[in-house]
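In case you want the letters, here they are:
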Protein chains: 2
Amino acid sequence: MPDFVYDKKVYYNPVEFAMDRIGGIWKMPILWRLREKTLRYSDLKKELPHITHKMLSSVLRNLEKEGFITRKVHAVVPPKVEYSITERGKRAIPVIEVIRRYGAELMREFGVKAKETESGK
Amino acid sequence: MPDFVYDKKVYYNPVEFAMDRIGGIWKMPILWRLREKTLRYSDLKKELPHITHKMLSSVLRNLEKEGFITRKVHAVVPPKVEYSITERGKRAIPVIEVIRRYGAELMREFGVKAKETESGK
DNA sequence: CTGTATCCCCTCAGATACTG
DNA sequence: CAGTATCTGAGGGGATACAG
């Protein structure tokens, strides 16, 4: 009794659908980084030191496929690839802000302390 | 270079921390169901037909452990166990509403249609 | 610089069976 | 009714090597 199906996967509610688009460990941090500026692959890698090469690559491909970011390849040597947020991606930013704020509140409640408050995403 | 640690796990940003508390497939749907009324185990199971016995059990335990819900056992035969949302849990509701709304918007954008709009969580 | 391909481990989650 | 225990399979994600 699926409630609805998208891309061969069954979803039971809108929350789950949203989380499958922009959830996971890295999608929101990446969208957040791109919210006001275009970045190239190596810039993103620098800003997200903990992400592995493979993960960054695959998450970027996924976000592009689903229309949250665009990818622009410059025909130069060495290669230069720039990622920008789309209108669809921009609509996710306010949601990410709400979750960020809630997460920060929860961290205070739980007594968790960040080493660098502005390093997060 | 962890940004912060909680419960032996490393987090890199508040979004990730929040999602580890109330993310996943079932936590938000359960909190949402409990937002305005107490439910017993079997009620929750009925309202979330797709969740397995094991998952419901383990997610409830986790939500209780982290203070989002409370569990009250009535000493009767057969057993009766009631779950209620806590103040901490209630603070998650507005966030869930934002994500729900966003998810519904995304579903429209992606052309996904729910069989029952009010079946979701 | 910007990727892709392989190998591999480990956790998540389902099915099933058993208990107070 | 309300759980717990065990087994198992699929997939996420890391490390590493290779390519245009």
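Note: the structure precedes this text.
Cut-offs applied
One numbering rule holds for all chains: residues counted from 1, following each sequence as written. Working convention: letters from A go to chains and numbers from 1 go to ligands, in the order in which they are written. Local features in this predicted model are restricted to residues whose pLDDT is 70 or higher, and side-chain atom pairs enter the listing and the counts only when it is 80 or higher, whereas totals over whole chains, interfaces and linings include all residues. The basis for the side-chain values is all heavy atoms of the structure; hydrogens and waters are excluded. To qualify as a helix, a DSSP run of H or I must reach at least 4 residues; to qualify as a strand, a run of E must reach at least 2; elements of each kind are numbered from the N terminus. Contacts are assigned to residue pairs with any non-hydrogen atoms lying within 4.5 Å of each other. Note on areas: Shrake-Rupley, 1.4 Å probe, and residue coverage restricted to the protein chains presented here. Charge assignment: positive for Lys and Arg, negative for Asp and Glu; neither His nor the chain ends contribute. Just so you know, the charge point we use is NZ for Lys, CZ for Arg, CG for Asp and CD for Glu. Residues are classed as near a molecule or strand on a simple rule: at least one heavy atom within 4 Å of it. Polar contact criterion, stated in full: a pair of N or O atoms within 3.5 Å, where within protein one must be able to donate a hydrogen and the other to accept it, and residues adjacent in sequence count only if both atoms are side-chain atoms. Here the term charged refers only to Asp, Glu, Lys and Arg, the term nonpolar to Ala, Val, Leu, Ile, Met, Phe, Trp, Tyr, Cys and Pro, and the term polar to all other amino acids, Gly among them.

Undergrad: In this structure, what is going on with the overall build of chain A? I would like to understand it.
TA: Within chain A, the regular secondary structure consists of five helices and five strands. Ordered by position from the N terminus, the helices and strands of chain A form the series β-β-α-α-β-α-α-β-β-α. Each principal axis of the C-alpha distribution contributes one length, and for chain A these read about 50 × 45 × 25 Å. The contacts of chain A with a sequence gap of at least 6 include a subset with a gap of at least 24, amounting to 42%. Within the structure as shown, chain A displays about 6,500 Å² of accessible surface, and the carbon and sulfur contribution to it stands at 54%. For chain A, the separation between the mean place of its 25 positive charges and that of its 16 negative charges on side chains is 5 Å.

Undergrad: Is there a simple way to think about the protein's contact with DNA strand D in this case?
TA: Neighbouring residues of DNA strand D: 17 residues in total, closest Lys54 and Met55 of chain A together with His53, Arg71 and Tyr83 of chain B. A share of 57% of the atoms of DNA strand D within 4 Å of the protein falls on sugar and phosphate groups. In the environment of DNA strand D, a phosphate oxygen lies 3.0 Å from a nitrogen or oxygen atom belonging to the side chain of Arg40 of chain B. At 3.2 Å, a backbone N or O of Pro79 of chain B approaches a sugar or linking oxygen of DNA strand D. Elements supplying a minimum of two residues to the surface near DNA strand D: α4 (53-65) of chain A together with α3 (41-47), α4 (53-65) and β5 (80-85) of chain B. Here the surface near DNA strand D gets four residues from one element, more than from any other, and that element is α4 of chain B. Grouping the amino acids of the surface near DNA strand D by side-chain chemistry returns seven nonpolar, four polar and six charged.

Undergrad: Teacher, can you tell me more about the protein's contact with DNA strand C here?
TA: By nearness alone, 15 residues border DNA strand C, and Ser42, His53, Arg71 and Tyr83 of chain A together with Lys54 of chain B come closest of all. By atom count, sugar and phosphate contribute 58% of the portion of DNA strand C lying within 4 Å of the protein. In this structure, Arg40 of chain A approaches DNA strand C through a side-chain N or O atom, which is 2.9 Å from a phosphate oxygen. In the model, a phosphate oxygen of DNA strand C is placed 2.5 Å from a nitrogen or oxygen of the Tyr83 of chain A side chain. For the surface near DNA strand C, the secondary structure elements donating two or more residues are α3 (41-47), α4 and β5 (80-85) of chain A together with α4 of chain B. Per element, the largest residue contribution to the surface near DNA strand C is three residues, and it comes from α4 of chain A. Its residues assigned to classes, the surface near DNA strand C shows seven nonpolar, four polar and four charged.

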